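Here is how the chains run, residue by residue.
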Amino acid sequence: AQSVAQPEDQVNVAEGNPLTVKCTYSVSGNPYLFWYVQYPNRGLQFLLKYITGDNLVKGSYGFEAEFNKSQTSFHLKKPSALVSDSALYFCAVRLYSSASKIIFGSGTRLSIRP
Amino acid sequence: EAGVAQSPRYKIIEKRQSVAFWCNPISGHATLYWYQQILGQGPKLLIQFQNNGVVDDSQLPKDRFSAERLKGVDSTLKIQPAKLEDSAVYLCASSPAGAGNTEAFFGQGTRLTVV
């Protein structure tokens, strides 16, 4: 069965510092992996995805994520955090099929202090 | 292109009443999803349609929840009767079919409060 774990409920970072939001996954086949962001009273907004190829993928707003097959991880990173990055972040996984369901993690609240 | 449209944005009902939510996906998207997001949790898939057929409804509480996607376009999700624990945000999403079309695009959601 597919599953996604986000081990940190909250991550606190000072503005200008690098940030990392952790995600590990469990699937029985090849995964598609995603990061979404959710601002208050809004739906989920797609940030980036890994399908195949280069393990480092770049997305919106300067975010990137690194796929590590041996550690089954897909951590979200940004070299320099902004206060406006404060939001709820979700990692998600689906099997290597556009018809399979997308499973979400429990979310990590990112708080950037000025 | 226009995004996923959902209505209403907010709904307050009493327990045991019924409620319906509507979703219009992005034009041409074959796959439509309904997710339930309880406060403090990640979205949980309730039902997934491919065109007008159900792909996955394993987590849909079928004794009280129902969903349909007539003509393979827009969709409605109904709860009858509602319980207090149904209070959540109901998110609709859609994605195109085909290899490489992997991510889902979400609407703004409907916040349901059952009192």
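Numbering of residues begins from 1 in every chain and follows the order in which that chain's sequence is written. Note on labels: chains are lettered from A, ligands numbered from 1, in written order. In keeping with the predicted nature of the model, local features appear solely for residues at pLDDT of at least 70, side-chain atom pairs appear and are counted solely at 80 or more, and the whole-chain, interface and lining totals rest on all residues. Excluding hydrogens and water, the side-chain values take into account all heavy atoms of the structure.

### Here we look at the state of the cysteines
- A pair of sulfur atoms, both from cysteines and within 2.5 Å, is called a disulfide here. Enumeration according to the criterion identifies two disulfides over all chains in this entry.
- The side chain of A:Cys23 participates in a disulfide bridge whose partner is A:Cys91; the two sulfur atoms lie 2.0 Å from each other. One disulfide, between A:Cys23 and A:Cys91, carries an S-S torsion of -65° and so falls in the left-handed class. A residue pair is termed long-range when its members are at least 10 positions apart, and A:Cys23 in the loop between β3 (19-21) and β4 (24-26) and A:Cys91 in strand β10 (residues 87-95) qualify at 68 residues. For the residue pair A:Cys23 and A:Cys91, the accessibility class agrees, reading buried in each case.
- Disulfide partner of B:Cys23: B:Cys92, at an S-S distance of 1.9 Å. Here the disulfide of B:Cys23 and B:Cys92 is left-handed, its torsion about the S-S bond being about -70°. Remark: B:Cys92 occurs in strand β9 (residues 88-95) and B:Cys23 occurs in strand β3 (residues 19-24); sequence separation between them is 69 residues. The way it works is that DSSP assigns letters per residue, a run of H or I at least four long becomes a helix, a run of E at least two long becomes a strand, and they are numbered from the N terminus. Partly exposed describes any residue whose relative accessible area lies between the buried limit of under 20% and the exposed limit of over 50%, with all areas from a 1.4 Å probe on protein chains only and scaled to the type maximum.

### A closer look at the pattern of salt bridges
- When a carboxyl oxygen of Asp or Glu is within 4 Å of a side-chain nitrogen of Lys or Arg, the pair counts as a salt bridge. Enumeration over the complete set of coordinates arrives at seven salt bridges over all chains.
- Between A:Glu66 and A:Lys77 there is a salt bridge, and its shortest N-O distance comes to 3.3 Å. Taken together, the positions of A:Glu66 in strand β8 (residues 64-68) and A:Lys77 in strand β9 (residues 73-78) put the pair 11 residues apart, joining distant regions of the chain.
- Across the pair B:Arg64 and B:Asp86 runs a salt bridge, and its minimum N-O distance is 2.5 Å. Residue B:Arg64 is found in the loop between β6 (53-56) and β7 (65-68), and its partner B:Asp86 is found in the loop between β8 (75-79) and β9; the two are separated by 22 residues along the sequence.

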